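Per-entry structural report
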Amino acid sequence: MLTLNTASKSVKDSAKIIKDAISRSNDDEIKILIGEPGSAENIKKILESNGFNDIIPEDDDGELYITASKVQVNHENVNHEPAALRQAVTSDSIPSKTPVPSSTGVLISCRNREYNSSFMKKFLSSLVQSNNKPDVIGLLDSAVKIAAYNSPLCTFLKKLEASGVQILISESCSDRLGIGGAAGAGVITDMSEIIDEVFSCGKVISI
């Protein structure tokens, strides 16, 4: 298995490292440590374009990985099938979920720093007042503190949740920051599920 660490790299540098490594390797499996969750979608596209079609986000004690492999297609008797079926069977890109164009996901991550309370208040307040609310909001790293029951910003999350917005909070990040079950809004869940839900939306906003 090809193993890469892009946690400290920019999105542009991460893309170059991954592309160069894949071009030099014959491995059908790859595991990538990423830093910013917002880079996950870009990495997924790079892997898909290089023939990797079984792509899974993984959370290992707060560290986010992308694992992928090239699933081999059984071509036996394919030539006897209609052309349309052969094209479907040999497709390189098999996404885990089909994005819904009208849906929007928001990923809020404040990795290695505290969130800006003033900015976050304005942002969440704008979402509450907006007629075009996101379908899901994912909270990672120190941003999980926004959902704490004693957070002054939790009120906005409650209003968004009441209006139908799905609020997902990273379990590993909550445990690490001592929030645990003290969330005042949303659902505490696995980080990989948050990434999967957010990036299954047709449009993603990363903060």
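The notes below deal with the structure included here.

Reading the values: the criteria
Residues numbered from 1 in each chain as written. Predicted model: local features only at pLDDT ≥ 70, side-chain atom pairs only at ≥ 80, totals over all residues. Heavy atoms only, no water. Helix = DSSP H or I, 4+ residues; strand = E, 2+ residues; numbered from the N terminus. Buried < 20%, exposed > 50% of the residue type's maximum accessible area, 1.4 Å probe, protein only. Contact = heavy atoms within 4.5 Å. Areas by Shrake-Rupley, 256 points an atom, 1.4 Å probe, with all protein chains shown as cover. Axes fitted to C-alpha atoms, helices over the stretch in contact; angles between N-to-C directions. Parallel < 35°, antiparallel > 145°, perpendicular 65-115°, else oblique. Left-handed = near helix turned anticlockwise from the far one by under 90°. Nonpolar A, V, L, I, M, F, W, Y, C, P; charged D, E, K, R; others polar. Pairing = 2+ DSSP bridges. Right-handed = clockwise from strand over helix to strand, strands pointing away. Salt bridge = Lys/Arg side-chain N within 4 Å of Asp/Glu carboxyl O.

1. So, the overall build of the chain
In terms of regular secondary structure, the chain is built from 7 helices and 9 strands. For the chain, the proportion of its 207 residues judged to be buried stands at 43%. A fraction of 72% describes how many contacts in the chain between residues 6 or more apart in sequence connect residues 24 or more apart. For the chain, the computed accessible surface area is about 11200 Å², with 46% contributed by carbon and sulfur atoms.

2. Topic: the packing of helix α1 (residues 11-24) against helix α2 (residues 40-49)
It is the contact of α1 with α2, at a shortest axis distance of 10 Å, that shows an interaxial angle of 25°. Comparing the axis directions of α1 and α2 gives the class roughly parallel. Once α1 is placed against α2, the crossing between them reads as right-handed. Each of Val11, Ala15, Ile18, Lys19 and Ile22 in α1 lies in contact with α2, whose residues at this interface are Asn42, Ile43, Ile46 and Leu47. Among the residues making up the contact of α1 with α2, the classes are represented as 7 nonpolar, 1 polar and 1 charged.

3. Things to note about the pairing of strand β1 (residues 2-6)
Across the two faces of β1 the burial differs, with Leu2, Leu4 and Thr6 buried and Thr3 and Asn5 not buried at all. As paired elements, β1 and strand β2 (residues 29-34) share 5 bridges and run parallel to each other. Bridge pairing in β2 links Thr3 to Lys31. As for the winding sense of the linkage, the β-α-β connection from β1 through α1 to β2 is right-handed.

4. Considerations on the pattern of salt bridges
Under the criterion given, the structure shown has 2 salt bridges. With a shortest N-O distance of 2.9 Å, Asp20 and Lys16 are connected by a salt bridge. Residue Asp20 and its partner Lys16 are both found in helix α1; the two are separated by 4 residues, about one turn of the helix. A salt bridge links Arg176 to Asp141; the shortest N-O distance between them is 3.6 Å. Here Arg176 is found in helix α6 (residues 171-176), whereas its partner Asp141 is found in strand β6 (residues 136-141), with 35 residues between them in sequence. A relative accessible area of 6% means that Asp141 is categorised as buried.

5. Thoughts on the environment of Met120
Assignment of secondary structure puts Met120 in helix α4 (residues 117-129). Considering only alpha carbons, one finds Met120 and Ala143, 23 residues apart in sequence, at a separation of 9.6 Å.

6. A short note on the sheet that holds β2
Pairing is mixed across the open sheet formed by 4 strands, whose spatial order is β1-β2-β4-β3. Each edge of the open sheet carries a strand with a single partner, namely β1 and β3 (54-60). Each neighbouring strand pair of the sheet contributes to a mean axis angle of 20°, computed without reference to strand direction. Lying on the sheet, α1 is in contact with β1 and β2; it crosses β1 at an angle near 165°. Sheet strands touched by helix α7 (residues 191-198): β3 and β4 (63-69). Its angle to β3, the strand with the most contacts, is close to 140°.

From the geometry alone we can't say anything about function, so treat these as descriptive.
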